[in-house]
Structure formats: structure tokens, C-alpha cells
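Reading the structure
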Amino acid sequence: MSYHGPAGVEGTTVRVHLSGRWEPVDGRFHWGGRIEPEPRVAHLLRSGRRDVEVRIADRVRAARLAEVDPWGGVRITGVGDPPWPPMADPTAPELMEE
């Protein structure tokens, strides 16, 4: 599962590259990735803010800013339902070709 595209972080429009996986140790879904360089998001982290909300379409999820990378992007992580919409099931009857 992954998502690459626009998102909102604390009212700032950004581009994100996110992916996730089920973690068998704790039985929860862990997701994370990178926010492309955006000075306002980097400033949030540098000023001590780590807990943020990520919005993709109508889905809002709690997340945590981790670090600013050498190119100005920000690592972000989350646990639980991911902020990107679920993908359609490719085996669903309405999507299968006859």
C-alpha cells in the first residue's frame, strides 16, 4: 500500500510519498514516508512541533514529524488507519474484464 500525491499538513498543502505495512509484533498498521521540501513544515519541526494532522481528501489522521532530511524534506510517521483512501479491490466483479 502506498500513496504519492497532494496532502495537507496543518493547513499547508504539500506533496507526500507514503507507504505502510502491517507490523506483526504489535498487530497494527504502520505508515510513513516523506513530505517534499516545504519551509513551513520544516519550520514546524524545528520549532519543536512533532504531532500534526495529515489530510488527504476527506481523511484526517494523526501523525508525527520525525526529522528534516538533507534536501529539506520532512520524514513523517503514523500508526493506524492510513490517511490515503483505500484502493479498490482489483478482484471486485465490477472491475474484472469479461
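Our subject is the structure that appears above.
Residues numbered from 1 in each chain as written. Predicted model: local features only at pLDDT ≥ 70, side-chain atom pairs only at ≥ 80, totals over all residues. Heavy atoms only, no water.

**Considerations on unusual backbone geometry**
Which entries qualify depends on this criterion: Under the scheme used here, helices are H or I runs from DSSP no shorter than 4 residues and strands are E runs no shorter than 2 residues, and both carry numbers assigned from the N terminus.
Unlike most non-glycine residues, Glu-10 shows phi in positive territory, near 50°. Assignment of secondary structure puts Glu-10 in the loop between strand S1 (2-9) and strand S2 (12-23).

**Observations concerning the environment of Ile-35**
Quick note on the threshold: The contact criterion used throughout is that any non-hydrogen atoms of two residues lie within 4.5 Å.
Here Ile-35 is to be found in strand S3 (residues 28-35). Taking the C-alpha atoms as reference, Ile-35 lies 9.4 Å from Val-68; in sequence the two are 33 residues apart. Leaving out residues up to four positions away in the same chain, Ile-35 has contacts with Val-9, Val-14, Arg-15, Val-16, Val-41, Leu-65, Gly-73, Val-74 and Ile-76.

**Remarks on the sheet that holds strand S6 (residues 74-79)**
Note the cut-off: Two strands are counted as paired when DSSP detects at least two bridges linking them. Here an angle of 0 to 180 degrees is reported between the N-to-C directions of two axes, which are lines fitted to C-alpha atoms, with helices fitted over the stretch in contact.
With antiparallel pairing, the 6 strands of this closed barrel are ordered in space as S1-S2-S3-S6-S5-S4. Strand-to-strand twist in this sheet, taken as the mean axis angle between neighbours without regard to direction, amounts to 45°. Where S1 lies against strand S4 (residues 51-56), 2 bridges are found, and the strand directions are antiparallel. Among the inter-strand pairings, Val-9 is bridged to a residue of S4, identified as Val-54. Relative to strand S5 (residues 59-68), helix H1 (residues 39-46) is tilted by about 70°, and along the sheet it contacts S1, S2, S3, S5 and S6.

**A few points about the nonpolar core**
Note the following rule: To form a nonpolar core, buried Ala, Val, Leu, Ile, Met, Phe, Trp, Tyr and Cys residues must be joined to one another through side-chain atoms within 4.5 Å. We call a residue buried when its accessible area falls under 20% of the maximum for its residue type, exposed when it is over 50%, and partly exposed in between, using a 1.4 Å probe and counting protein chains only.
Formed by 21 residues in total, the largest nonpolar core has its most connected members in Val-16, Ile-35, Val-54, Ile-56, Leu-65 and Ile-76. Of all the secondary structure elements, the ones that give two or more residues to this core are S1, S2, S3, H1, S4, S5 and S6. Among the elements that take part in this core, H1 stands out by supplying 4 residues, more than any other. With sequence-adjacent residues up to four places away left out, Val-54 is seen in contact with Ala-7, Gly-8, Val-9, Trp-31, Arg-59, Val-60, Arg-61, Ala-63, Ile-76 and Pro-83.

**Quick look at the packing of aromatic side chains**
Operational definition: Between rings of Phe, Tyr and Trp, where Trp is taken as its six-membered ring, a pair exists when centres lie within 6.5 Å; planes separated by under 30 degrees are stacked, by over 60 edge-to-face, and by other angles tilted.
The full count for this structure, using the stated rule, is 3 aromatic pairs. Ring plane angle 70° and centroid distance 5.3 Å describe the contact between Trp-22 and Phe-29, whose orientation is recorded as edge-to-face. Owing to a relative accessible area of 61%, Trp-22 belongs among the exposed residues under this scheme. Plain terms: the ring middles of Trp-31 and Trp-84 are 6.4 Å apart, the flat faces sit at 80° to each other, and that makes the pair edge-to-face.

**What about the pattern of salt bridges?**
Let me state the cut-off plainly: Salt bridges are counted wherever a side-chain nitrogen of Lys or Arg sits within 4 Å of a carboxyl oxygen of Asp or Glu.
Evaluation of the coordinates by the stated rule reveals 9 salt bridges. Glu-38 is the salt-bridge partner of Arg-40, the closest N and O atoms lying 3.0 Å from each other. With a shortest N-O distance of 3.3 Å, Asp-81 and Arg-59 are connected by a salt bridge. Taken together, the residues span a long stretch of sequence, with Asp-81 in the segment after S6 and Arg-59 in strand S5 at a distance of 22 residues. Judged by its relative accessible area of 15%, Arg-59 is buried. Residues joined by salt bridges that share partners form a network here, namely Arg-59, Arg-61 and Asp-81.

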